[in-house]
There are 2 protein chains.
Amino acid sequence: MALKLYYDELSQPSRALLIILKISKIPFETCPVKLREGEHLSEEYKNEVSRFQKVPVIKDGDFTLTESIAILRYLSREKQISDQWYPKNSKAQARVDEYLEWQHNNVRLLCSLYLRVKWIEPRFFGKEASPKKIAPYESRMANCLDLFEELWLSKTPYIAGDQISAADIWAACEIEQPRLAGYDPEVGRPILSKWLNKIRKIPYYEEVHSRFNKMVGLEASGTQVKAKL
Amino acid sequence: MALKLYYDELSQPSRALLIILKISKIPFETCPVKLREGEHLSEEYKNEVSRFQKVPVIKDGDFTLTESIAILRYLSREKQISDQWYPKNSKAQARVDEYLEWQHNNVRLLCSLYLRVKWIEPRFFGKEASPKKIAPYESRMANCLDLFEELWLSKTPYIAGDQISAADIWAACEIEQPRLAGYDPEVGRPILSKWLNKIRKIPYYEEVHSRFNKMVGLEASGTQVKAKL
């Protein structure tokens, strides 16, 4: 039975897992979930897919697992993931893990909160998003991206050292996200910009981001995205 | 050269790591860091211990690692951690990982934010903490603790299933934390309460929590803790 991946390409960790699965040539069945239509909030999804009502989720036979980083580690044991992306060497693996744990309450949290307040809530929940309301979220995200650049990219070409790894994929997918709300993470951050454009050259990165990038383009041109793409 | 642990017993993940190290009989050198005196913010700490300026941190020879969960996994490979706490079986390990990844933006974030707004900021940064300001933080934490109980404890006796694991230690240490600000996580949550009191019986749990519990007692008796204990 093939591995099943429940995902939405608009979800950052879904994109990261899609890239890892494709680049590792792991066969999987695509199970797209329309977050904007609330498919993940249905009773059916809760009962049949995941009690967490989120994406991404995998089903490997009768084993269901959520949390993209737990899934990455599970796949590294159960399937073939190249050492480049998730090293078997204990210290090298610890360096990748160190970032993947750090990012939750930094890059992931602050980029997501900004997007939520500036873009998701006004679009889908009818909440106002005044410049005054957005400002502290933007400021905290900007400080975090500065910190990310300083802590993770100022001494080494990639997050976990001299070699590219899954940490770079997870980070890049998160850092793309605020572009949907008109924020360019590359402006004023030359080191981050150079790094991000290297990561964008990973096979499947642009393919997996194509729907997301189309939405960014539509938003930038003034077309508010509400309908299904 | 012995493993060094930089920690403060008032930090939740420091306590979790202390318990794991002690229970696993892993020899280590204690390097206490006084968070309330800002020792972690010094240039010396930044340059000599960790550029992240946080605890916990380990030094294993010349290898420095931050992030408690990355450290737990590193120790499970490099030292002897019983299978009970961090299973070698792939699916069982994934269940522990699933919680450890989930908790970052749930139990950890929301209990920490509540403590920060209600207790840390008024005590140490002179910020006001009116009931109106605290209410949304308390409400979000309470909802999260309800969700924790439902998602992780309603079907199985322990977080990752029928067996106790590191996930229970990490969770319990976080859930103790708001007690410092007068919030009892057990009230109205019989399942959580029963589970927490089982986890408190783990060897070294109460020993590692003794300084923290002393502070909780002082706060409850009306003595604001500012001085070094």
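Quick caveat: nothing in here was measured; it's all calculated off a predicted structure.

Outline the packing of aromatic side chains, listing residues and values.
Per the counting criterion, the structure on display carries 20 aromatic pairs over all chains. Ring centres of F52(A) and W152(B) lie 5.1 Å apart, and the angle between their planes is 50 degrees; this geometry places the pair in the tilted category. With one member in each of two chains, F52(A) in the loop between helix 2 (43–48) and strand 3 (57–60) and W152(B) in helix 6 (residues 131–153) form a pair that bridges those chains. Of the two residues, F52(A) and W152(B), both sit in the buried class. Through successive ring pairs, a cluster of aromatic residues spans F52(A), Y99(B), W102(B), F148(B), W152(B) and W195(B). Positioned over the ring face of F63(B) is K91(A), at 5.5 Å from the centre of the ring. Seen from the ring of Y158(B), K198(B) lies directly overhead, with NZ or CZ sitting 4.4 Å from the centre.

Account for the domain arrangement of chain A, with residues named and values stated.
All names here are of chain A. According to the domain assignment, chain A contains domain 1 (3–78) and domain 2 (90–220). Inter-centroid distance (C-alpha atoms) of domain 1 to domain 2 is 20 Å. Residue-level contacts link 19 residues of domain 1 with 25 residues of domain 2. Here domain 1 meets domain 2 over a buried area of about 2,100 Å², counting both sides, of which 64% is carbon and sulfur. Interface area lost by domain 1 to domain 2 is led by Q12, R15 and I19, which between them contribute 29%. Here domain 1 is connected to domain 2 by 5 salt bridges. The residue R211 makes a salt bridge to E9 at a minimum N-O spacing of 3.6 Å. Secondary-structure elements contributing two or more residues to the side of domain 1 that touches domain 2 are helix 1 (12–23) and helix 3 (68–78). It is helix 1 that provides the largest number of residues to the side of domain 1 that touches domain 2, a total of 10 residues. For the side of domain 1 that touches domain 2, the per-class residue count stands at 10 nonpolar, 2 polar and 7 charged.

Calculation criteria
- What you see as residue numbers is a count from 1 along each chain, following the sequence as written.
- Chains and ligands are labelled by the order in which they are written, letters from A for the one and numbers from 1 for the other.
- Owing to the predicted nature of the model, reporting of local features is limited to residues with pLDDT of at least 70; listing and counting of side-chain atom pairs is limited to 80 or more, with chain, interface and lining totals taken over all residues.
- With hydrogens and water stripped out, all remaining heavy atoms of the structure feed into the side-chain values.
- Ring pairs shown here join Phe, Tyr and Trp side chains whose ring centres sit within 6.5 Å, with only the six-membered ring taken for Trp; geometry is labelled stacked below 30 degrees between planes, edge-to-face above 60, and tilted in between.
- Numbering of helices and strands runs from the N terminus; a helix is a DSSP stretch of H or I covering at least four residues, while a strand is a stretch of E covering at least two.
- Residue burial is assigned from relative accessible area. The probe radius is 1.4 Å, only protein chains are included, and a residue is buried under 20% of its type maximum, exposed over 50%, and partly exposed in between.
- Definition used: whenever NZ (Lys) or CZ (Arg) falls within 6 Å of the ring centre and also within 35 degrees of the ring normal, the charge is taken to sit over that ring.
- Note that the domain bounds reflect an automated or database-derived domain assignment.
- A contact between two residues is defined here by any heavy atoms of the two lying within 4.5 Å.
- Once two parts are put together, the accessible area they lose, assessed with a 1.4 Å probe and summed over both, is termed the buried area.
- Throughout this description, the term salt bridge denotes a Lys or Arg side-chain nitrogen within 4 Å of a carboxyl oxygen of Asp or Glu.
- The residue classification treats Ala, Val, Leu, Ile, Met, Phe, Trp, Tyr, Cys and Pro as nonpolar and Asp, Glu, Lys and Arg as charged. All others, Gly included, are polar.

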